[in-house]
Amino acid sequence: VLIRQLDRADTHLGGAMLFANDGYLYVTLADEGGQGDPYHNSQRIDGNFFGAVMRLDVDGRPGNLPPNPHPSIVGQYWVPSDNPYIGLTTFNGSPVDPLKVRTEFFMVGLRNPNTMHIDRPTGRIFVGDVGGAWWESVQEIVRGANAGWAATEGQWLTTFPTGSATVQRPPAGYRAPLWTYPHPTAVPDWDKEFAGNCVFVGPVLRGSRYPELDGCLVVSDVSGPVWSLNITTKVV
């Protein structure tokens, strides 16, 4: 066990993990539950382990750093020295103490990234980020990017408070999802074959047996649909 943390909700648990091509461990963290991020976790880098993707060194490579102290850290790991939030003194226009920054974070602003998959030939990593009332998102993991929750859901601004009056809408470093689709009742005139309620991603298909699917990410939804998303052209 590396991190043991209190979670005040029994939903939005994240928890997808993989070792990427760089040899580091990537772990998804959800926002702790509730509609609209009521605990204001998703746009913080100086709080607890929520609303982000972590990138950890579990081998102790030379030059990497110990994490900033936190009561939830119970095991030993290191922070890759090129993680994006190391040494930050401001975030979203507000000051932060660099000694309290969660330097483990690699990407922030996620709601409930419950699945994650890596395309080994390219090293690209994708997550399915479960939406709130309207939109499901497929995100690509990018260093220092901000997926926008709870200031945005999918590619659209929300009316949810983000816990800080200085959070930009969309926030600094915002990166739009690779693909979004709505809940069936969110957009009345939307094609219902491209709607759902809870997204999952993976794998990326490779091979010649079905050439039209080579390089496509499988995206599915708890309500039943399964799609292929071309990760180069973004065509479903």
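Our structure is the block above this text.
Below: a short report on this structure.

Scoring rules and cut-offs
- Residues numbered from 1 in each chain as written.
- Predicted model: local features only at pLDDT ≥ 70, side-chain atom pairs only at ≥ 80, totals over all residues.
- Heavy atoms only, no water.
- Phe/Tyr/Trp six-rings, centres within 6.5 Å; stacked < 30°, edge-to-face > 60°.
- Helix = DSSP H or I, 4+ residues; strand = E, 2+ residues; numbered from the N terminus.
- Buried < 20%, exposed > 50% of the residue type's maximum accessible area, 1.4 Å probe, protein only.
- 1 Å grid on protein atoms, 1.4 Å probe; cavity = no way out; pocket = protein on both sides within 12 Å on 5 of 7 lines; lining within 4 Å.
- Points joined across faces, edges and corners; volume = space filled by probe spheres on them.
- Nonpolar A, V, L, I, M, F, W, Y, C, P; charged D, E, K, R; others polar.
- Pairing = 2+ DSSP bridges.
- Axes fitted to C-alpha atoms, helices over the stretch in contact; angles between N-to-C directions.
- Polar contact = N/O pair within 3.5 Å; in protein donor to acceptor, adjacent residues only side chain to side chain.
- Contact = heavy atoms within 4.5 Å.
- Salt bridge = Lys/Arg side-chain N within 4 Å of Asp/Glu carboxyl O.

Looking now at the packing of aromatic side chains. The final tally for this structure, using the stated rule, is seven aromatic pairs. For the pair Trp179 and Trp227, a centre-to-centre distance of 5.2 Å together with 80° between the ring planes defines the contact as edge-to-face. With Trp179 in strand 12 (residues 179-182) and Trp227 in strand 15 (residues 226-230), the pair connects residues that are 48 residues apart, well separated along the chain. Take Trp179: its relative accessible area is 13%, and that puts it in the buried class. Among the residues examined, Trp227 registers a relative accessible area of 8% and is labelled buried. Considering the side-chain rings of Tyr181 and Trp227, the 4.7 Å spacing of their centres and the 55° angle between planes classify their relative orientation as tilted. Residue Tyr181 is found in strand 12, and its partner Trp227 is found in strand 15; the two are separated by 46 residues along the sequence. On the basis of relative accessibility, which here comes to 0%, the residue Tyr181 falls in the buried class. Ring-pair connections join several aromatic residues into one group, and the members of that group are Trp135, Trp156 and Trp190.

This part is about the layout of surface pockets. Take a probe with the size of a water molecule and roll it over the atoms, and the empty space left behind shows itself. Estimates place the volume of the largest pocket at around 420 Å³. Considering the residues around the largest pocket, the lining is formed by 19 residues, among which Ile3, Val27, Thr28, Leu29 and Met54 are closest to the centre. Secondary-structure elements contributing two or more residues to the lining of the largest pocket are strand 2 (25-29) and strand 3 (52-56). Tallying contributions element by element places strand 2 first for the lining of the largest pocket, with four residues. Taken together, the residues of the lining of the largest pocket break down into 12 nonpolar, five polar and two charged.

Here we come to the sheet that holds strand 3. As summarised here, the arrangement of the four strands in space is 1-2-3-6, forming an open sheet in which the pairing is antiparallel. In the strand order of this sheet, the two ends are held by strand 1 (17-19) and strand 6 (105-108), each with one partner. Between one strand axis and the next, the sheet turns by 20° as a mean value, whatever way the strands run. Pairing analysis gives five bridges linking strand 2 to strand 3, with the strands arranged antiparallel. Within strand 3, the residue paired with Tyr26 across the bridge is Arg55.

Position of Thr115 relative to the elements: it lies in strand 7 (residues 113-119). Reaching out from Thr115, the side chain makes a polar contact with the backbone nitrogen of Val201 at a distance of 3.0 Å. What Thr115 contacts, discounting residues up to four positions off in sequence, is Ala16, Phe126, Val127, Gly128, Val199, Phe200 and Val201.

Right, let's talk about the pattern of salt bridges for a bit. Where side chains of opposite charge bring their charged atoms close, a pairing between them can arise. Under the criterion given, the structure shown has seven salt bridges. Asp82 is the partner of Arg55 in a salt bridge, and the nearest nitrogen-oxygen pair spans 2.8 Å. Separated by 27 residues along the polypeptide, Arg55 in strand 3 and Asp82 in the loop between strand 3 and strand 4 (90-91) bring together distant segments of the chain. For Asp82, a relative accessible area of 38% corresponds to the partly exposed category. Three or more residues joined by partner-sharing salt bridges are found here, namely Asp22, Arg55 and Asp82.

Take unusual backbone geometry next. For the bond running from Trp149 to Ala150, omega is 10°, close enough to zero to count as cis. Considering the arrangement of structural elements, one finds Ala150 in the loop between strand 9 (135-140) and strand 10 (152-153). Residue Pro203 is reached from Gly202 by a cis peptide bond, and omega for that bond is 0°. With respect to the helices and strands, the residue Pro203 is situated in strand 13 (residues 199-205).

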